[in-house]
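Listed here are the chains, written in short residue letters.
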Amino acid sequence: AGEPGVWEVRTTARPNVLVADDRALGVATGRRLRDGEWAWQDERLRYRPAGGTPPGQRVWRAARGGGIVIEGQSHVVVEDVDCRVGGGACVSIRGGGNNVVRRLTARWYWRGVDLAGGTAGNVVEDCLVEGNQEGIYLRGGAAGNTVRRCRAIGNGNAPAWVRADRAGIAIGETGVNRGNVVEDCEVAGNGGRDSDAGLIAYRAPGTVFRRNHVHDNYGSGIFVTIGSDDSLVEGNRVERNGMAAVRAGRTNITGLSVRRSRGVTVRGNRVLDNHVSADSPWAGKDLGPRGGLEVRGLPSDDMTGISLIDNEVAGTVGGPDVYVVPGIRAPDLRIVPARPAP
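Quick look at the structure, then. All values derive from a computational prediction rather than experimental measurement. Along each chain, residue indices are assigned from 1 in the same order as the chain's sequence is written. Totals for whole chains, interfaces and linings use every residue, but because this is a predicted model, local features are given only for residues with pLDDT of at least 70 and side-chain atom pairs only at 80 or more, for both listing and counting. For side-chain calculations, the full set of non-hydrogen atoms in the structure is used, while hydrogens and water are omitted.

Considerations on the side chain of His-213
Stated formally: Secondary structure counts use DSSP, requiring at least four H or I residues in a row for a helix and at least two E residues in a row for a strand, with both numbered from the N terminus. Contact criterion: two residues are considered in contact whenever any of their non-hydrogen atoms come within 4.5 Å of each other.
Relative to the helices and strands, His-213 resides in strand β25 (residues 213–215). When near neighbours in sequence (up to four residues on either side) are disregarded, His-213 contacts Cys-185, Glu-186, Val-187, Arg-237 and Glu-239.

Observations regarding the state of the cysteines
Heads up, the condition is: Cysteine sulfurs are considered disulfide-paired once they come within 2.5 Å of each other. Only protein chains enter the calculation, and the probe is 1.4 Å; a residue is then buried if its accessible area is under 20% of its type maximum, exposed if over 50%, and partly exposed in between.
Evaluation of the coordinates by the stated rule reveals 1 disulfide. Between the sulfur atoms of Cys-83 and its disulfide partner Cys-90 the distance amounts to 1.6 Å. Its S-S torsion of about -95° marks the bond between Cys-83 and Cys-90 as left-handed, since a negative value means left-handed. As far as the burial class goes, Cys-83 and Cys-90 line up, both buried. No disulfide involves Cys-150; its sulfur sits 4.3 Å from the nearest other cysteine sulfur, which is in Cys-127.

Here's the deal with the environment of Cys-150
Among the secondary structure elements, Cys-150 is positioned in the loop between β18 (146–148) and β19 (151–153). Measuring from C-alpha to C-alpha, the distance between Cys-150 and Val-129 comes to 7.8 Å, with 21 residues separating the pair along the chain. Ignoring anything within four residues of it in the chain, the contact list for Cys-150 reads Val-124, Glu-125, Asp-126, Cys-127, Ile-136, Asp-184, Cys-185 and Glu-186.

Quick look at the packing of aromatic side chains
The geometry of an aromatic ring pair is captured by two quantities: the separation of the ring centres and the angle between the planes. Note the following rule: Note on aromatic contacts: the rings of Phe and Tyr and the six-membered ring of Trp form a pair at centre separations within 6.5 Å, being stacked when their planes are under 30 degrees apart, edge-to-face when over 60 apart, and tilted otherwise. The criterion is that NZ of a Lys, or CZ of an Arg, lies within 6 Å of the ring centre and within 35 degrees of the ring normal, and then a charge sits over that ring.
What the rule picks out here adds up to 0 aromatic pairs. Over the ring of Trp-110 we find Arg-111, and its NZ or CZ is 5.0 Å from the ring centre.

Some points on the pattern of salt bridges
Let me state the cut-off plainly: Within this document, salt bridges are pairs made up of a side-chain nitrogen of Lys or Arg and a carboxyl oxygen of Asp or Glu, the two lying within 4 Å of each other.
For the coordinates displayed, the defined rule picks out 33 salt bridges. When the shortest N-O distance is used, the salt bridge between Glu-37 and Arg-34 registers 3.1 Å. Residue Arg-34 is classed as exposed on the basis of its relative accessible area of 55%. For the salt bridge of Arg-262 with Asp-302, the shortest nitrogen-to-oxygen distance reads 3.9 Å. On the criterion of sequence distance, the pair formed by Arg-262 in the loop between β29 (256–259) and β30 (265–267) and Asp-302 in the loop between β32 (293–296) and β33 (307–314) is long-range, its members being 40 residues apart. Among the ionic contacts, a cluster of salt bridges with common partners joins Glu-79, Asp-80, Arg-102, Arg-103, Glu-125, Asp-126, Arg-148 and Arg-149.

Quick word on the sheet that holds strand β5 (residues 37–41)
Heads up, the rule is: Two strands qualify as a pair provided that DSSP identifies no fewer than 2 bridges between them.
Taken in spatial order, the 4 strands line up as β1-β6-β5-β4 in an open sheet, and their pairing is mixed. At either end of the open sheet lies a strand with only one pairing partner, and these are β1 (7–10) and β4 (26–27). Pairing of β4 with β5 involves 2 bridges; the strand directions are parallel. Counted as the bridge partner of Val-27 is Trp-38 from β5.

Description of the nonpolar core
The cut-off we apply is this: Take the buried Ala, Val, Leu, Ile, Met, Phe, Trp, Tyr and Cys residues and link them wherever side-chain atoms come within 4.5 Å; each set so joined is a nonpolar core.
Membership of the largest hydrophobic core comes to 50 residues, with the highest contact counts inside it found for Leu-104, Val-124, Ile-136, Val-147, Ile-169 and Phe-209. Sorting elements by how many residues they give to this core places strand β11 (residues 89–94) first, with 3 residues. Each residue touching Val-147, except ones within four places of it in the same chain, is listed here: Val-124, Ile-136, Leu-138, Ile-169, Val-181, Val-182, Glu-183 and Cys-185.

In structure tokens:
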């Protein structure tokens, strides 16, 4: 490229992400490239390797298309697939149902697994989704699907991923997404500036989050929010989330939060050592702290039937361990502290 240590290739498409030796590289912020950075301008992709030279490295850029698309089909099994670097989803299921995605590895896609368009009864199990913009997304009327024993690691934090709804595993976006289950998963290291919680249910009534380990995510750990009525959050470990976001000055950060929903049961969770921060751009003037475990809403929201039972909450940094917003419509809120160990 005429610049020592910089390599160049002609390409008409600006990459979303550039990967070298299984490492997503940074986008240059200045005119000169530092080690491990790339820049695209005038149909030229310029790259300075972090170590070695490109002939000794595998350098990938995302294509525009996705991976496997299952549309309007049922009882399809996708098993033992490894897909890397793409512009869509590694596996996208739309319509139909009762499909199985098993032992998938998805890295550096827009979405690792995308269930949308009214699809129902699918199983996603024993998968690794890592380094994508969003790990696993259930949306658009997805119902009765199960995600289990999956690992959603480091999604949404590459420099190219800037959409606000990045998460490790998310239920929501469009439609009413009813009766989905996420259990026995690890959700760790996900998110970046303005991203969602590591594990989130949004407009997702009847969601079950059970026995997941949600830890060390950039921002909040678990959200059950806006119309996720009659959901169950049980036996999860929610640990050490939010440190990076709080240090960067981000707001609205909490450990485990129930928001603007009714009939939610939060039982037997360990919510430990999470970093929290107050204020929220979505509410305009949202006074009060954030808690390690919290119940939050507006005075107009119906938040009846909420129970917090036998949760161990401790070590919250920046706010109280447990916080309930004053003035919300939760007259029968039930709080049963965890019993101390004998």
